[in-house]
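Survey of secondary and tertiary structure
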Amino acid sequence: RINTKKITTGSQALDGLLGGGIETRTMTEFFGEFGSGKTQLCHQLSVNVQLPLEKGGLGGKAVYIDTEGTFRWERIEAMSKAIGLEPDSAMNNIYYMRAINSDHQMAIVDDLQELIGKDPAIKLVIVDSITSHFRAEFPGRENLAVRQQKLNKHLHQLVRLAEMYDLAVIITNQVMARPDMFYGDPTVAVGGHTLYHVPGIRVQLKKSRGNKRIARIVDAPHLPEGEVVFAITEEGVRD
Ligand code: GTP
Ligand code: MG
């Protein structure tokens, strides 16, 4: 794909699966059950985007939109130290935003264009997780239409930012290990766990033994099929 740049995940195997890393001008979704590594990957990428190009970064900054309150500065500190970045500056290069409900989450994204205009060093926007507020506020089938409409608008706004500013967007989505049990929820619809027909790359994460995790790309004709194993260590995401 032309003119895109890549951010390393910290695992060569996972980078290989992604065709070199997380891509700019694209939205990448990490989905999987609790503890599958979605939030850890978000932390790692908000650090790795800061690396210089020759080390797999973009010499850039990150926006981290936290909807679940699971962001930890100590993790940023440990991960940045582990790859030779100065922890204080690594923390300063992350715009942390806590979204308290879905309206707030959408308002934050509305305002991002202005922030990115002022600080073009921003090369990564993370929303962890994209769905939690929407699920809580618009539960069940009776709210399906309005939830889907709002979520779609939100997702398309994020895709537009990625394309306009040549940055990477990462979203996460918690889905149960057995999505077929949750057919009432369109975000875990039959045949997958689909966040509707929004362009992007979808990566399914699964727990494996100990600190090992399995990643698999879903529905991406231009990327190789198959699974890879990576690890979540004290230092962060590794092979
Ligand atoms: P949900 O948000 O609950 O859906 O889960 P998630 O997919 O975001 O999982 P998350 O990334 O939070 O955690 C994955 C795993 O990372 C955990 O089960 C821990 O094993 C590991 N982990 C989290 N924090 C640390 C840490 O500080 N050190 C180490 N070594 N591992 C950690
Ligand atoms: Mg999480």
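Just so you know, these numbers come straight off a predicted model, no measurement behind them. (Residues numbered from 1 in each chain as written. Chains lettered and ligands numbered in written order. Predicted model: local features only at pLDDT ≥ 70, side-chain atom pairs only at ≥ 80, totals over all residues. Heavy atoms only, no water.)

Moving on to the environment of Thr172. Here Thr172 is to be found in strand β7 (residues 168-174). For Thr172, a relative accessible area of 0% translates into the label buried. When the C-alpha positions of Thr172 and Met91 are compared, they lie 21 Å apart, and in sequence the two are 81 residues distant. When near neighbours in sequence (up to four residues on either side) are disregarded, Thr172 contacts Phe30, Lys38, Cys42, Val127, Asp128, Ser129, Ile130 and Thr131. Among the polar contacts listed, one links the side chain of Thr172 to the side chain of Asp128, at a separation of 2.7 Å. (Helix = DSSP H or I, 4+ residues; strand = E, 2+ residues; numbered from the N terminus. Buried < 20%, exposed > 50% of the residue type's maximum accessible area, 1.4 Å probe, protein only. Contact = heavy atoms within 4.5 Å. Polar contact = N/O pair within 3.5 Å; in protein donor to acceptor, adjacent residues only side chain to side chain.)

Close to ligand 1 lie 15 residues, the nearest being Gly35, Lys38, Thr39, Gln40 and Glu234. Separating an oxygen atom of ligand 1 from a backbone N or O atom of Gly35 is a distance of 2.8 Å. In isolation ligand 1 offers 660 Å² of accessible surface; the protein chains occlude 66% of this area. Elements with a minimum of two residues in the shell around ligand 1: α2 (38-48) and β10 (227-233). In terms of residue count, the dominant contributor to the shell around ligand 1 is α2 (three residues). Of the residues belonging to the shell around ligand 1, the class tally is two nonpolar, seven polar and six charged. (Near = heavy atom within 4 Å. Areas by Shrake-Rupley, 256 points an atom, 1.4 Å probe, with all protein chains shown as cover. Nonpolar A, V, L, I, M, F, W, Y, C, P; charged D, E, K, R; others polar.)

Here we come to the confidence of the model for the chain. Residues with a pLDDT of 70 or more make up 90% of the chain, whose mean pLDDT is 90. In the predicted assembly, ipTM is 0.99 and pTM is 0.93. (pLDDT = per-residue confidence, 0-100.)

In this section: the packing of α2 against helix α3 (residues 73-82). One way to put it is that α2 packs onto α3 with a least axis distance of 9 Å and a crossing angle of 55 degrees. Relative to α3, the element α2 is oriented oblique. Judged by the sense of rotation from one axis to the other, the crossing of α2 with α3 is right-handed. Within the contact between the two elements, α2 uses Gln40, His43, Gln44, Ser46 and Val47 and α3 uses Arg75, Ile76, Met79 and Ser80. (Axes fitted to C-alpha atoms, helices over the stretch in contact; angles between N-to-C directions. Parallel < 35°, antiparallel > 145°, perpendicular 65-115°, else oblique. Left-handed = near helix turned anticlockwise from the far one by under 90°.)

Further remarks concern the packing of aromatic side chains. Counted according to the given criterion, the structure contains four aromatic pairs. Where Phe71 meets Trp73, the ring centres are 4.8 Å apart and the plane angle is 85 degrees; that geometry is what we call edge-to-face. By relative accessible area, Phe71 is classed as buried at 6%. Here Trp73 falls in the partly exposed class, since its relative accessible area comes to 31%. Between Trp73 and Tyr96, the ring centres sit 6.1 Å apart and the planes meet at 65 degrees, which makes this aromatic pair edge-to-face. Of this pair, Trp73 sits in helix α3 while Tyr96 sits in strand β5 (residues 94-98); the two residues are 23 residues apart in sequence, bridging distant segments of the chain. If you follow Lys207 out to its NZ or CZ, it ends over the ring of Phe34, 3.6 Å from the centre. (Phe/Tyr/Trp six-rings, centres within 6.5 Å; stacked < 30°, edge-to-face > 60°. Lys NZ or Arg CZ within 6 Å of the ring centre and 35° of its normal.)

What follows concerns the packing of helix α5 (residues 102-118) against helix α7 (residues 144-165). Where α5 meets α7, the closest approach of the two axes is 10 Å, and the angle between their N-to-C directions is 15 degrees. As the angle between them shows, α5 and α7 are arranged roughly parallel. Both α5 and α7 take part in a crossing whose hand is left-handed. Here Asp103, Gln105, Met106, Val109, Asp110, Leu112, Gln113 and Ile116 of α5 lie close against α7, whose contacting residues are Lys150, Lys153, His154, Gln157, Leu158, Leu161, Met164 and Tyr165. For the contact of α5 with α7, a count of residues per class yields eight nonpolar, four polar and four charged.

Relative to the helices and strands, Leu112 resides in helix α5. On the accessibility criterion, Leu112 (1% relative accessible area) is buried. Each C-alpha atom, one on Leu112 and one on Leu45, is 19 Å from the other, the two residues being 67 residues apart in sequence. Setting aside anything within four residues of it in sequence, one finds Leu112 in contact with Val63, Ile65, Met97, Val125 and Leu161.

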